[in-house]
Amino acid sequence: MRGRLACFLACTALLALPGCSRRSNEPIQITLQRFFGACDAEYGNSTDVAAAEGECGIITTLINKFNAENPDLHVRVNVVYWPGYDQLSAELAAGNPPDLVTMHQSVISDYSQRHLIIPLEEGLRAAGIDPNGFTPVAREGVVRDGHIYALPFDNWAPLWHINMNLFRSAGMVTDGKPLLPHSPEELLRQARLFGSAAAKPYLVQSMVNEPSAYARNLFTFLMQQNSDFFADPRHIKLQTPEARRVLQLFKQIYDEGLTTKNQDYTAATSGFLNGQGGVYLVGTWMIGTYEQASKQSGSPLAGGYTVVPYPQLYAGRDVTYADGHSWVVPKAQRSVEKMHAIFRLLRFLRDNDYEWSRTGHLPAYEDVIESERWRSLPHRAEIARLVDIGKPLPAGVQRQFLIQQIVSEEMESAITGQKPIDAALADAERRVNDVLFNLL
């Protein structure tokens with residue numbers, strides 16, 4: 001493996017000028033830029049990865065462990081405010097980018113199409129990382145134009161987090177499993193039944209200042225209807241019967257009081273924890289928090305929490321919108337030894353993907369997701385199929401964060417009655433296509 005990596009790096013040296021010279025006894029410095037918060041007070045000196053919890057705790061102890069085990073290298077961490085892309089763009093413009101950056105897979109196209117990050121497939125293989133070991137959804141998330149532009153770290157998707165105690169009180173549990181809908185009509189019937197029996201809303205949703213949740217719901221249910229709404233990555237098509245059905249469903253849920261209202265992300269997240277509704281629509285990252293609450297006596301979730309992928313409501317296919325976190329290498333002038341150090345760190349992160357998966361995010365590698373230790377973690381068996389049914393937007397679609405914000409704004413206006421559904425869909429389509437038309 002070392003020989004192949006040395007050969008690869010020698011070739012890349014032709015494209016990279018050596019950086020500032022360093023003394024031979026000094027460790028090679030790698031600048032790693034990430035979000036996931038700061039937690040130095042608790043984990044700043046810890047290398048006990050197995051004892052760490054949460055995104056910040058696990059990634060902090062992982063980097064500490066790498067530094068401790070590799071004294072000839074040193075990773076300097078730059079923690080940025082989520083999601084950090086404004087800062088990264090400024091660093092690239094200034095010609096001083098970090099060496100390794102956390103990047104959502106939905107954002108990769110914004111940088112790969114401008115040649116601001118480098119392809120990694122040859123270096124990954126030389127470092128002993130086999131791309132054939134990526135899960136299907138991870139591979140789709142990091143490949144652009146036939147090249148691997150990132151090392152996948154995980155995948156995540158919105159899920160149905162369920163208060164089984166409230167479901168039991170509504171008579172909606174069979175053989176220990178929650179009763180789930182298989183059509184929009186069945187969803188409405190079950191939501192009404194739940195509301196009548198439990199005297200609480202069926203759904204808990206973040207609906208105020210929400211930049212993405214509405215759009216992820218729409219993308220999921222459009223995909224389930226086999227709607228090719230991004231047939232051209234430079235044009236979205238939302239004035240369709242499929243999109244209209246989704247908005248009509250969520251507007252009816254809203255109008256009938258089958259969901260919480262006027263809650264932002266913080267209020268909805270704590271609201272579900274406090275038993276304010278039956279199903280919270282939020283991502284994989286909340287599994288650990290709610291599982292912990294289910295073990296605490298007196299909690300509304302005590303002995304009564306489970307989580308499942310979005311149910312298939314439409315006959316087209318079983319699919320859920322998915323994204324993921326990954327590691328990219330911004331384009332810069334680097335020495336061969338610096339590149340060698342970067343790929344050593346990438347190999348370490350790949351080898352510790354199980355530890356990262358304890359956050360609740362899906363592993364990016366088949367061997368981890370098939371392992372007994374991963375499947376023995378709480379609720380992993382229920383969500384494992386997401387690696388096969390998870391689906392990102394087409395790889396060529398740029399500005400996905402902004403697109404989600406625009407679509408969510410227009411969906412909110414329709415669902416809450418501020419604008420007719422057809423007008424909201426027309427405005428969302430126009431605004432997104434204006435953004436895509438004006439791309440450089």
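Residues numbered from 1 in each chain as written. Predicted model: local features only at pLDDT ≥ 70, side-chain atom pairs only at ≥ 80, totals over all residues. Heavy atoms only, no water.

**Some words on the pairing of strand β7 (residues 158-163)**
Regular strands place their side chains on alternate faces of the sheet. Along β7, 6 of the 6 residues are buried, which leaves the element largely enclosed by surrounding structure. Residues Pro158, Trp160 and Ile162 point to one face of β7 and Leu159, His161 and Asn163 to the other, with burial holding for every one of them. As paired elements, β7 and strand β12 (residues 305-309) share 5 bridges and run antiparallel to each other. Paired with Ile162 across the two strands is Thr306, which belongs to β12. (Buried < 20%, exposed > 50% of the residue type's maximum accessible area, 1.4 Å probe, protein only. Helix = DSSP H or I, 4+ residues; strand = E, 2+ residues; numbered from the N terminus. Pairing = 2+ DSSP bridges.)

**Considering the pairing of strand β1 (residues 28-34)**
Counting buried positions along β1 yields 6 of 7 residues, so the element is predominantly enclosed. Pairing geometry for β1 and strand β2 (residues 73-79), over 7 bridges, is parallel. Counted as the bridge partner of Leu32 is Val77 from β2.

**Things to note about the pattern of salt bridges**
In total, this model carries 21 salt bridges according to the counting rule given. The shortest N-O distance in the salt bridge between Arg334 and Asp99 comes to 2.8 Å. Here Arg334 is found in the loop between β14 (325-328) and α14 (336-351), whereas its partner Asp99 is found in the loop between α4 (85-93) and β3 (100-104), with 235 residues between them in sequence. On the accessibility criterion, Arg334 (4% relative accessible area) is buried. Where salt bridges share partners, they join Glu409, Glu410, Lys419, Asp427, Arg430, Arg431 and Asp434 into one cluster. (Salt bridge = Lys/Arg side-chain N within 4 Å of Asp/Glu carboxyl O.)

**Thoughts on unusual backbone geometry**
At the junction of Trp82 and Pro83, the peptide bond is cis and its omega measures out at 0° in the coordinates. Even without glycine at this site, His379 takes up a positive phi of about 70°. Turning to its location among the elements, His379 is positioned in the loop between α17 (372-375) and α18 (380-383). The phi torsion at Arg399 lies on the positive side, around 55°, for a residue other than glycine. Within the fold, Arg399 resides in the loop between β15 (390-391) and α20 (400-415). When its relative accessible area of 29% is taken as the criterion, Arg399 is described as partly exposed.

**So, the nonpolar core**
Within the largest apolar cluster, 80 residues are counted, with the highest numbers of intra-cluster contacts made by Leu100, Leu124, Trp327, Leu345 and Leu349. Broken down by element, this core gets its largest block of residues, 8 residues, from α14. If we skip the residues at most four places from it in the chain, Leu345 touches Ile30, Leu32, Ile63, Phe66, Val75 and Leu100. One finds Ala170, Met207, Phe221 and Ile421 within the second-largest nonpolar core, a separate group that totals 57 residues. (Core = buried A, V, L, I, M, F, W, Y, C linked by side-chain atoms within 4.5 Å. Contact = heavy atoms within 4.5 Å.)

**Considerations on the packing of helix α3 (residues 54-69) against α14**
Running from N to C, α3 and α14 cross one another at 130°; their axes reach a closest spacing of 11 Å. With respect to each other, α3 and α14 are oriented oblique. Both α3 and α14 take part in a crossing whose hand is right-handed. Within the contact between the two elements, α3 uses Ile59, Leu62, Ile63, Lys65, Phe66 and Glu69 and α14 uses Arg344, Leu345, Phe348 and Leu349. Looking at the contact of α3 with α14, its residues break down into 7 nonpolar, no polar and 3 charged. (Axes fitted to C-alpha atoms, helices over the stretch in contact; angles between N-to-C directions. Parallel < 35°, antiparallel > 145°, perpendicular 65-115°, else oblique. Left-handed = near helix turned anticlockwise from the far one by under 90°. Nonpolar A, V, L, I, M, F, W, Y, C, P; charged D, E, K, R; others polar.)

Don't take any of this as a statement about function, it's just geometry.
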